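Residues per chain, in single letters:
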Amino acid sequence: MARLRVTRSSSGIVAVLALLATVLGVGAAAAAPSASESTVWLCRPGQPGDACGGRTGAPVDCFYVYPTVSLQLGQNANRVIGPEERVIAAEQAAPFGARCNVWAPMYRQSTLRGLFSAGNGPQRNAALAVAFSDIRSAWSDYLAHHNAGRGVVLIGHSQGTLMLRALMRESIDGTATRDRIVSALLLGGNVLVRSGATTGGDFSTIPLCTARSQFGCVVAYSTFGTTPPADTRYGRVPAADSAPTPGAPFPAGPDLSVACTNPAALGSTATAPIRGLIAGRAVDGYRARCTTGAGPHVLQVSGAAPIPASALPRLPNPTWGTHLLDVNLAQRDLIDLVGAQTAAYLAAH
């Protein structure tokens with residue numbers, strides 16, 4: 001595929017920057033629904049006007065949980081599908097429709113207002129617990145009424161990754177459901193493993209992916225276009241991670257580290273070309289490696305095309321790195337990896 005050459009003012013990058021501005025904006029309030037309501041599907045195969053393309057017929061499913069995008073004014077969003085959910089699903093999840101049937105529940109996520117006003121305190125944790133109750137319910141609904149025995153790829157970003165970490169700890173790791181997991185793409189979150197190992201942190205039986213032919217494993221990273229600052233939000237084990245399941249907090253301790261798996265070089269810390277997809281356009285020219293040692297463990301991005309990695313937007317501040325582009329910067333690698341993992345999964349089943 002030809003290398004995409006665009007400038008900072010070109011349409012693809014402008015579309016992404018417009019998306020980032022939208023994500024960090026302010027919107028109108030909306031009433032919260034009853035907790036007894038059934039699942040509202042942002043994306044489901046065959047759904048008219050589906051934000052993820054609505055494609056059907058793939059041999060496996062994807063279960064996608066979107067990041068913090070709600071512009072509503074309360075601590076928790078409602079489950080009414082808004083333009084911000086549709087935009088992020090089209091950017092992050094729809095391209096995976098070439099490899100899987102995409103299911104994505106709406107959930108009463110902790111809103112952008114809640115994220116920046118409540119920090120990681122009790123109010124934030126209470127909002128996350130509400131959000132997680134919806135994800136737990138949607139997952140149960142999906143398994144009971146829609147899965148039909150197919151393998152599943154879990155895809156999450158940011159708050160979506162937080163939700164899936166908790167779901168996997170509570171309902172998948174060490175259970176019979178684990179056998180249905182093709183892989184888990186847990187991006188833009190501090191997935192934890194025992195230092196020097198591929199398991200032993202968040203999950204006891206679900207390892208990090210170290211080969212393209214491996215299935216039932218985790219891909220996890222956070223991207224930075226510059227060296228992470230000392231107070232980085234990602235790459236270091238949090239002193240107190242927000243816990244959406246109060247009865248089962250995430251692990252902590254000096255024997256843990258944050259996972260980094262480069263989708264373009266699984267099992268390696270070598271620098272490798274990554275292939276992105278931004279605003280629907282293929283992006284080539286960036287390279288990435290997983291950092292190791294005593295510093296933050298992140299996916300360090302370098303290169304100068306389409307714009308220098310060091311000039312990629314670091315929003316809302318440098319401690320987040322290129323968080324809002326975690327999925328996009330290596331999205332074509334992730335899509336191809338899902339295809340390889342699916343083939344290995346189906347061969348074994």
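Everything quoted here is computed from the prediction, not taken from an experiment. (Residues numbered from 1 in each chain as written. Predicted model: local features only at pLDDT ≥ 70, side-chain atom pairs only at ≥ 80, totals over all residues. Heavy atoms only, no water.)

## Some details on the sheet that holds strand β11 (residues 281-290)
Defined as follows: Two strands qualify as a pair provided DSSP detects at least 2 bridges between them. Secondary structure elements are taken from DSSP: a helix is a run of H or I of four residues or more, a strand is a run of E of two residues or more, and numbering for both begins at the N terminus. Any pair of residues with heavy atoms lying within 4.5 Å of one another is described as a contacting pair. Comment: axis = line fitted to C-alpha atoms, over the contacting stretch for helices; angle = value between 0 and 180 degrees taken between N-to-C directions.
One open sheet accounts for four strands, arranged β8-β12-β11-β10; its pairing is mixed. Two strands in the sheet have a free side with no partner beyond their single neighbour: β8 (223-224) and β10 (272-278). As judged from the six bridges shared by β10 and β11, these two strands associate in the antiparallel manner. Within the sheet, the bridge partner assigned to Ile278 lies in β11 and is Arg281. Each of β10 and β11 touches helix α6 (residues 331-348); the most contacted strand, β10, lies at about 100° to it.

## Things to note about the sheet that holds strand β4 (residues 152-157)
Pairing is mixed in the open sheet, where six strands are placed in the order β1-β3-β2-β4-β5-β7. For this open sheet the edge positions go to β1 (41-43) and β7 (217-221), each flanked by a neighbour on one side alone. In this sheet, neighbouring strand axes are inclined to one another by 20° on average, regardless of whether the strands run parallel or antiparallel. Bridge count for strand β2 (residues 61-65) against strand β3 (residues 101-105) is three bridges, and the pairing is parallel. By the bridge assignment, Cys62 is partnered in β3 with Val102. Seen against the sheet, helix α2 (residues 83-92) touches β1, β2 and β4 and runs at an angle of roughly 40° to β1. Sitting on the sheet, α6 is in contact with β4, β5 (181-187) and β7, with an inclination near 160° to β5.

## Remarks on the pattern of salt bridges
Stated precisely, the cut-off is as follows: Salt bridge, as used here: a side-chain nitrogen of Lys or Arg that lies within 4 Å of a carboxyl oxygen of Asp or Glu.
Scanning the model with the defined rule gives ten salt bridges in all. Asp61 is the partner of Arg150 in a salt bridge, and the nearest nitrogen-oxygen pair spans 2.9 Å. Separated by 89 residues along the polypeptide, Arg150 in the loop between α4 (122-145) and β4 and Asp61 in strand β2 bring together distant segments of the chain. In the salt-bridge network here, residues are joined through shared partners; they are Arg99, Arg275, Asp333 and Asp336.

## Brief notes about the side chain of Thr291
Basically, it comes down to this: A 3.5 Å cut-off defines polar contacts: any pair of N or O atoms within that distance qualifies, except that in protein one atom must be a possible hydrogen donor and the other a possible acceptor, and neighbouring residues in sequence count only when both atoms are side-chain atoms.
As for its position among the elements, Thr291 is in the loop between β11 and β12 (299-303). At 2.7 Å, the side chain of Thr291 forms a polar contact with the backbone oxygen of Pro296. At a separation of 2.9 Å, a polar atom in the side chain of Thr291 contacts the main-chain amide nitrogen of Val298. Leave out the neighbours within four places in its chain, and Thr291 touches Pro296, His297, Val298 and Gln300.

## A few points about the pairing of β7
Condition: The cut-offs for exposure are 20% and 50% of the maximum accessible area for each residue type, with area from a 1.4 Å probe on protein chains only; residues under the lower value are buried, those over the upper are exposed, and the others partly exposed.
Buried residues dominate β7, accounting for five of its five residues. Residue alternation in β7 divides its side chains into two sets, Cys217, Val219 and Tyr221 and Val218 and Ala220, and both sets are buried. Direction of pairing for β5 relative to β7: parallel, over a ladder of five bridges. When the bridges of β7 are listed, Leu186 appears paired with Ala220.

## Let's talk about the confidence of the model for the protein
Operational definition: pLDDT is defined as a per-residue confidence score from the predictor, taking values between 0 and 100.
Averaged over all residues, the pLDDT of the protein equals 88, while 87% of them reach at least 70. Note on residues 1-36: pLDDT is under 50 here. Beyond four places in sequence and across chains, it has 66 contacts.

## Details of the packing of aromatic side chains
Heads up, the rule is: Think of it this way: a Phe, Tyr or Trp ring, Trp meaning its six-membered ring, pairs with another when their centres are within 6.5 Å, and the plane angle makes it stacked under 30 degrees, edge-to-face over 60, tilted otherwise.
If you walk through the whole model with that rule in mind, you get eight aromatic pairs. Note on Phe63 and Tyr142: the rings are 5.7 Å apart at their centroids and 45° apart in plane angle, and the pair reads as tilted. With Phe63 in strand β2 and Tyr142 in helix α4, this residue pair connects regions lying 79 residues apart in the sequence. Overall, the relative accessible area of 0% leaves Phe63 in the buried class. A ring pair is formed by Phe215 and Tyr345, whose centres lie 5.7 Å apart and whose planes are at 90°; its orientation type is edge-to-face.

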